[in-house]
Amino acid sequence: MKYLEKNINVILSIGFVFSVFVFFAYRFPSLLPYQEQWQMFMFDSEYFNARISVPGGLSVYISEFFVQFFYNSLTGALILALLLGLMMFLQTLLNRHTSNRNAAFFLSFIPVFMVWCLISGSNVKVAFLVVLIFSQMFMLLYPEGASLLPKCIVMMAEIIVLYWIAGPAVFVYVLYVATRQLEHKYIAIGAFVCALLCVLISAYFVPYPLSRLFMGVGFCSNIKEISILYICTLLMVGILPFVAVFVPERRLGFVTHLVIGLILILVSVFCMPFAVDSREYEVKEYDYLVRTKQWDKIVEKAKEKNPDMPLTVASLNLALAMKGQLSHAMEFFQNGVQGAFPRFDSLPQSSLMAMEIYYYVGLVNSSQRLAFEAQEALPDYGMSSRLMKRLVETNLINGQYEVARKYLLLMRNTLFYRKWADATMALLDDEDAISSHSTYGYLRRVRLNDDFLFSDVEIDKIMGQLIMHDKSNVMATQYLLLLPQLEGDQMKYQMYANYILSLKNDTISNTDSLNVVYSDSLN
Amino acid sequence: MLLASCSETPSDVKSIDSLPPIYPDYIGVTIPVGIAPMDFCVEAFGTDSTQSAEGVVECVDVVVRGEKGGEIHSQGEFADFDIDDWHELVEQNKGGELSFTVCAKKDGEWYQYQDFKMYVSNYDIEEWGLTYRRVAPGYEVYSEMGLYQRCLSNFEEYEIMVNTRIPGNCVNCHTSNRTNPQQFVFHVRGEKPVTAIQKEGKHTMYSTKTPETIGLCVYPYWHPEGRYLAFSTNTTRQSFHVVKDERIEVFDQESDLQILDTENDMLILSPLVKTADWETYPAFSADGKTLYFCSAKPQNFPQDFKQVRYSLCSIPFDSYSGKFGDKVDTLIKADPSPNLPRGGGKLVAIQSGRFSPSGQMSEGQRGVAGASITFPRPSYDGKWLMFTRSDYGCFPIWHKEVDLYLMNLKTGETRPLDEVNSDDTESFHNWNLNSHWFVFASRRGDGLYTRLYLSSLDDEGKATKPFLLPQKNPKHYYERMMQSYNTPDFTSEKVEFDQRSAASEVLGGKSTQIKARF
């Protein structure tokens with residue numbers, strides 16, 4: 001019991017870490033792989049140099065190193081839980097100035113909850129958590145008890161180093177110093193001026209506008225969508241140690257401490273799901289299932305809850321088509337033609353889904369285009385492992401081996417895609433191997449040979465071209481028949497159905513069984 | 001470890017009876033004095049004709065001997081020459097040749113190839129370096145990109161303007177006046193489109209859309225006197241091919257020409273170059289009295305996109321009065337339709353026989369008949385005009401069949417530049433001031449990522465084998481580079497441009513509105 005009493009905070013922290021782990025690993029398992037797919041961490045000097053050449057870059061680099069493990073939701077959840085646990089531990093240490101030991105621990109939950117909440121959304125990246133951890137570490141290193149001159153020297157050195165490591169999060173440190181040195185206002189002013197100068201001077205050397213440097217480069221996907229919570233979290237980390245001092249001294253008993261701690265954990269477990277936008281998450285879930293080709297699961301999921309957004313409906317339709325069951329699509333809610341072929345709107349998410357559909361119907365060029373567009377649309381100017389993989393595949397299918405080789409060489413520098421890159425490298429220049437490959441060979445056969453310009457408003461005609469080119473293209477056949485149904489054009493449907501019947505081709509008229517064979521080969 | 005094992009004198013060297021498989025292909029190229037070291041690497045090779053090219057080259061040993069004296073040596077993972085020694089050797093051998101003896105170590109054994117040569121040109125590149133844009137070869141969305149400059153005598157690259165400073169915008173079409181960056185223009189496109197014109201160290205942001213014109217100023221070219229800037233104005237769209245060897249089709253739905261008088265911020269228009277036809281890609285002649293441009297009959301998109309053919313035309317321009325001439329000549333009538341020459345001018349080139357009095361077309365002239373001509377670039381000595389030839393369309397970089405052609409402006413003789421053309425795309429090009437060197441963009445490397453090549457042209461118009469812009473550790477550099485180089489140009493000196501103030505002006509929406517007059 002004494003052991004428990006002594007280590008109650010450790011036990012509660014483990015409980016907290018465990019609850020974070022469960023949240024990301026089991027409650028929302030698609031969140032982390034979704035984040036991972038938008039980056040491609042590489043173990044090479046160029047990648048490292050590109051990151052550390054901007055303020056905050058080292059934190060971004062470290063966070064991207066961690067995020068690559070999000071490839072698997074279990075390892076991702078474990079890493080994220082440990083990082084949040086570390087943040088909580090550091091915050092507890094920072095709150096040490098309070099005479100109320102219980103409060104020091106319980107208050108540390110607040111900023112960690114806030115970060116957890118932010119990272120569960122779509123905009124804020126893990127880099128934000130890493131910069132806060134670095135800020136906390138530097139705050140702990142602040143030599144508060146030292147005499148004035150050494151204190152000032154160390155403080156300035158810390159500000160300069162921290163600025164380069166954590167970017168504008170240096171102001172969290174400044175806030176901490178200011179609140180710890182209320183009696184020496186000039187130290188606070190000096191710290192603020194020093195941090196400000198760091199930002200202003202860096203603007204001469206790094207190619208970003210000042211506004212961007214103040215908000216941080218690489219901490220979130222879209223700085224225009226930075227929330228109040230984001231700002232409040234930064235403030236909270238810096239100001240909480242000061243607030244903690246004012247908490248009245250009161251020693252809690254072991255049981256009370258345990259109960260409050262458990263309540264905080266339980267509250268977080270029950271409240272945190274509300275931080276996840278359920279509709280956004282639904283898109284991510286479907287996206288993950290499409291990425292991992294879990295067609296059966298998609299259909300099962302749709303049966304539980306009818307998808308009603310263009311991207312989720314498109315995922316369902318793709319899954320049905322892959323199973324040879326797209327004729328059953330109208331049993332589910334549909335979303336117009338957008339639910340079959342989401343229109344490109346320069347957002348990476350919508351490009352991603354259209355990219356998948358075009359790929360499987362045999363529009364290799366269009367899939368490649370959308371993969372490239374999605375990569376260009378990434379807000380941090382980075383590369384995406386998933387998109388890079390698709391670029392390799394489409395270049396391979398199109399016989400653009402030198403470009404495919406270029407991308408594969410990059411992917412060889414990754415941890416989780418190296419094996420795939422090595423295996424795919426063996427296919428380069430090997431026409432026979434590609435032709436006999438279940439997916440690449442098939443797509444090479446069904447892709448179009450007669451040129452025309454793609455038009456997404458005439459997608460049904462393009463499906464028709466695909467069928468005319470290769471009558472075994474059952475994916476195109478299914479989509480051809482689906483499109484007029486989505487438009488409510490019975491006459492067109494009849495016309496297309498008659499055309500399909502006129503082909504008098506077993507492969508077409510008996511689509512269901514063949515589709516299964518086809519989708520098996522693609523899997 | 002590799003470097004440590006790479007400090008040895010090649011011993012027990014076995015001979016290989018072939019030229020070394022080096023990247024980039026610098027064998028037999030002609031280089032100017034002052035060029036950066038032509039570093040190269042040796043690719044994996046088979047030790048005899050029966051072996052496939054595989055394995056790792058552990059070490060490369062290269063000795064370079066000058067015909068007129070001098071010798072340098074490099075040993076390492078790749079041939080990496082000391083920059084001072086290199087410059088000294090090349091200068092010492094101006095007009096002569098350099099002989100490269102290459103040994104490579106593989107599986108612990110040294111192999112020596114046949115020696116190869118590089119030739120040192122008598123023609124200098126007096127310019128400081130190159131300017132270019134680096135951008136991913138994408139479709140509609142653009143990511144990080146920028147205008148850069150590169151010193152030709154070393155490997156240093158500097159920013160001119162990068163779009164990370166102006167998020168959501170792109171930068172393009174940078175052009176200096178006859179390689180002089182004291183007069184420099186480029187566009188910013190995005191939420192707040194402007195045209196930045198820098199003259200004598202001071203830049204001004206212009207808003208170039210006027211009620212009289214189609215849209216913003218697009219493809220620029222300076223008048224040699226520096227007062228005027230010719231622009232096209234285009235409504236540009238793009239579509240996407242569905243077959244494997246084609247990707248993008250960029251096309252205009254309308255386009256005209258206009259000249260900006262930078263002294264009174266006025267666009268000068270002419271009904272002769274503001275017609276229902278599509279006029280684009282203006283370029284002034286060396287004396288500034290003629291404006292070359294390309295012109296096509298409108299076609300319906302998307303069905304007739306392969307029917308678009310741009311002819312090479314010209315119109316006089318009087319810089320004293322700031323007026324266009326009153327006729328348009330057609331130098332190469334690419335459009336196969338039997339229509340008469342446009343604008344009351346004459347058909348002066350292929351069909352007219354002016355440049356071919358016998359009426360017989362040369363091979364080169366036959367090559368451009370019925371094709372589409374773009375990017376006319378007259379040499380600054382007034383002797384040549386280089387352009388690209390494609391089967392159709394106005395945006396050659398996405399056409400694999402595109403080649404560079406050279407027209408002798410005195411005789412009209414036109415020929416493909418076979419010395420520099422490849423099976424892949426050759427596209428945008430520019431001359432240096434003495435017009436004995438030109439730089440061009442080509443996709444011959446991997447078929448997608450455009451790289452820059454330099455070649456020399458002698459007095460008879462004969463070009464030398466081009467060489468890829470040198471880089472330190474070029475194989476790694478170009479493999480890792482995820483952007484294309486485009487719109488290259490020479491620059492006589494380093495471009496001085498205040499990016500920060502320009503960016504704040506763009507983001508702040510500051511610009512000068514120009515007017516237009518006929």
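Residues numbered from 1 in each chain as written. Chains lettered and ligands numbered in written order. Predicted model: local features only at pLDDT ≥ 70, side-chain atom pairs only at ≥ 80, totals over all residues. Heavy atoms only, no water.

**Concerning the overall build of chain B**
When helices and strands are counted, chain B shows 4 helices and 36 strands. On C-alpha atoms alone, chain B measures out to a radius of gyration of 24 Å, which is about the 24 Å that the 2.2 N^0.38 rule sets for 518 residues. Taking the principal axes of its C-alpha atoms as reference, chain B extends roughly 75 × 60 × 45 Å. For chain B, contacts bridging at least 24 residues in sequence account for 58% of all contacts bridging at least 6. Accessible surface computed for chain B: about 19,100 Å², of which carbon and sulfur atoms make up 47%. Positive and negative side-chain charges of chain B, numbering 52 and 73 respectively, have mean locations separated by a distance of 8 Å. (Helix = DSSP H or I, 4+ residues; strand = E, 2+ residues; numbered from the N terminus. Rg over C-alpha atoms; globule rule 2.2 N^0.38 Å. Contact = heavy atoms within 4.5 Å. Areas by Shrake-Rupley, 256 points an atom, 1.4 Å probe, with all protein chains shown as cover. Lys, Arg positive; Asp, Glu negative; His and termini not counted. Charge placed at Lys NZ, Arg CZ, Asp CG, Glu CD.)

**Some points on the environment of B:Val64**
Residues and elements named next belong to chain B. By the element assignment, Val64 lies in strand S5 (residues 57-66). On the basis of relative accessible area, Val64 is assigned to the buried category, the value being 0%. Each residue touching Val64, except ones within four places of it in the same chain, is listed here: Gly70, Glu71, Ile72, Phe81, Leu89, Leu98, Ser99 and Phe100. (Buried < 20%, exposed > 50% of the residue type's maximum accessible area, 1.4 Å probe, protein only.)

**Thoughts on the sheet that holds strand S33 (residues 467-468) of chain B**
Residues and elements named next belong to chain B. As summarised here, the arrangement of the 4 strands in space is S30-S31-S32-S33, forming an open sheet in which the pairing is antiparallel. Looking at which strands have only one partner, the edges of the open sheet turn out to be strand S30 (426-431) and S33. Where strand S32 (residues 451-456) lies against S33, 2 bridges are found, and the strand directions are antiparallel. Pairing of Leu454 across the sheet is with Phe467, part of S33. (Pairing = 2+ DSSP bridges.)

**So, the sheet that holds strand S29 (residues 414-416) of chain B**
All names here are of chain B. With antiparallel pairing, the 4 strands of this open sheet are ordered in space as S26-S27-S28-S29. Of all strands in the sheet, those bounded by a partner on one side alone are strand S26 (372-378) and S29. Going across the sheet, the axis of each strand differs from the next one's by a mean of 25°, ignoring polarity. Summarising the sheet, S26 and strand S27 (residues 384-390) pair through 5 bridges and their orientation is antiparallel. Each bridged residue has a counterpart across the sheet, and for Thr374 the counterpart in S27 is Thr388. (Axes fitted to C-alpha atoms, helices over the stretch in contact; angles between N-to-C directions.)

**Some details on the packing of aromatic side chains**
Under the counting rule described, the total for this entry stands at 65 aromatic pairs over all chains. Between A:Phe109 and A:Phe113, the ring centres sit 5.5 Å apart and the planes meet at 65°, which makes this aromatic pair edge-to-face. Of this pair, A:Phe109 and A:Phe113 both sit in helix H8 (residues 109-119), separated by 4 residues, roughly a single helical turn. The exposure classification of A:Phe109 matches that of A:Phe113, with both residues buried. Between B:Phe438 and B:Phe440, the aromatic rings sit 5.9 Å apart at their centres with planes inclined by 35°, giving tilted as the arrangement. By the ring-pair criterion, three or more aromatic residues cluster together here, those being A:Phe41, A:Phe43, A:Tyr47, A:Phe48, A:Tyr61, A:Phe65, A:Phe66, A:Phe69, A:Tyr71, A:Phe416 and A:Tyr417. In this arrangement the basic side chain of A:Arg51 is found over the ring face of A:Tyr47, its NZ or CZ atom lying 4.2 Å from the centre. (Phe/Tyr/Trp six-rings, centres within 6.5 Å; stacked < 30°, edge-to-face > 60°. Lys NZ or Arg CZ within 6 Å of the ring centre and 35° of its normal.)

**Side note on unusual backbone geometry**
All names here are of chain B. Cis rather than trans, the peptide bond between Tyr23 and Pro24 has omega equal to -5°. Along the chain, Pro24 turns up in the loop between strand S2 (22-23) and strand S3 (30-31). Residue Pro302 is bonded to the preceding Phe301 through a cis peptide linkage, with omega at 5°. Its place among the elements puts Pro302 in the loop between strand S22 (290-296) and strand S23 (310-318). Although it is not a glycine, Asp12 adopts a positive phi angle of roughly 45°. Inspection of the secondary structure puts Asp12 in the segment before strand S1 (14-15). At Glu200, a position not held by glycine, the phi torsion is positive, near 50°.

**A word on the nonpolar core**
Residue and element names in this part refer to chain A. Counting 102 residues, the largest nonpolar core has Leu318, Phe341, Leu363, Met388, Tyr407, Met463 and Tyr479 as its most contacted members. Those residues in contact with Met463 that sit more than four places away from it in its chain are Phe341, Val361, Leu363, Ala476, Tyr479, Leu480 and Leu483. Among the nonpolar cores identified, the runner-up in size contains 84 residues, and Val170, Tyr230, Ile265 and Met272 belong to it. (Core = buried A, V, L, I, M, F, W, Y, C linked by side-chain atoms within 4.5 Å.)

**Overview of the environment of B:Asn169**
All names here are of chain B. With respect to the helices, strands and loops of the structure, Asn169 is situated in the loop between strand S12 (157-162) and strand S13 (170-177). In this structure, the C-alpha to C-alpha distance between Asn169 and Pro470, residues 301 residues apart in sequence, is 30 Å. What Asn169 contacts, discounting residues up to four positions off in sequence, is Tyr142, Asn163, Val188, Arg189, Gly190, Glu191 and Lys192.

**A few points about the pattern of salt bridges**
In this structure the tally under the stated criterion is 43 salt bridges over all chains. The closest approach of N and O atoms between A:Asp44 and B:Arg480, which form a salt bridge, is 2.8 Å. With A:Asp44 in the loop between helix H3 (31-36) and helix H4 (45-52) and B:Arg480 in helix H3 (residues 474-480), the pair connects residues from two separate chains. With respect to class, A:Asp44 is no different from B:Arg480; both count as buried. (Salt bridge = Lys/Arg side-chain N within 4 Å of Asp/Glu carboxyl O.)

**Thoughts on the packing of helix H20 (residues 364-376) of chain A against helix H21 (residues 385-397) of chain A**
All names here are of chain A. Where H20 meets H21, the closest approach of the two axes is 9 Å, and the angle between their N-to-C directions is 150°. Overall, the two elements H20 and H21 adopt an arrangement that is roughly antiparallel. In the packing of H20 onto H21, the handedness of the crossing is left-handed. Residues Val364, Ser367, Gln368, Ala371, Phe372, Ala374 and Gln375 of H20 touch H21, and the partners they reach there are Leu387, Met388, Arg390, Leu391, Thr394, Asn395 and Ile397. Of the residues contributing to the contact of H20 with H21, the split by class is 8 nonpolar, 5 polar and 1 charged. (Parallel < 35°, antiparallel > 145°, perpendicular 65-115°, else oblique. Left-handed = near helix turned anticlockwise from the far one by under 90°. Nonpolar A, V, L, I, M, F, W, Y, C, P; charged D, E, K, R; others polar.)

Geometric values such as these leave the question of function open.
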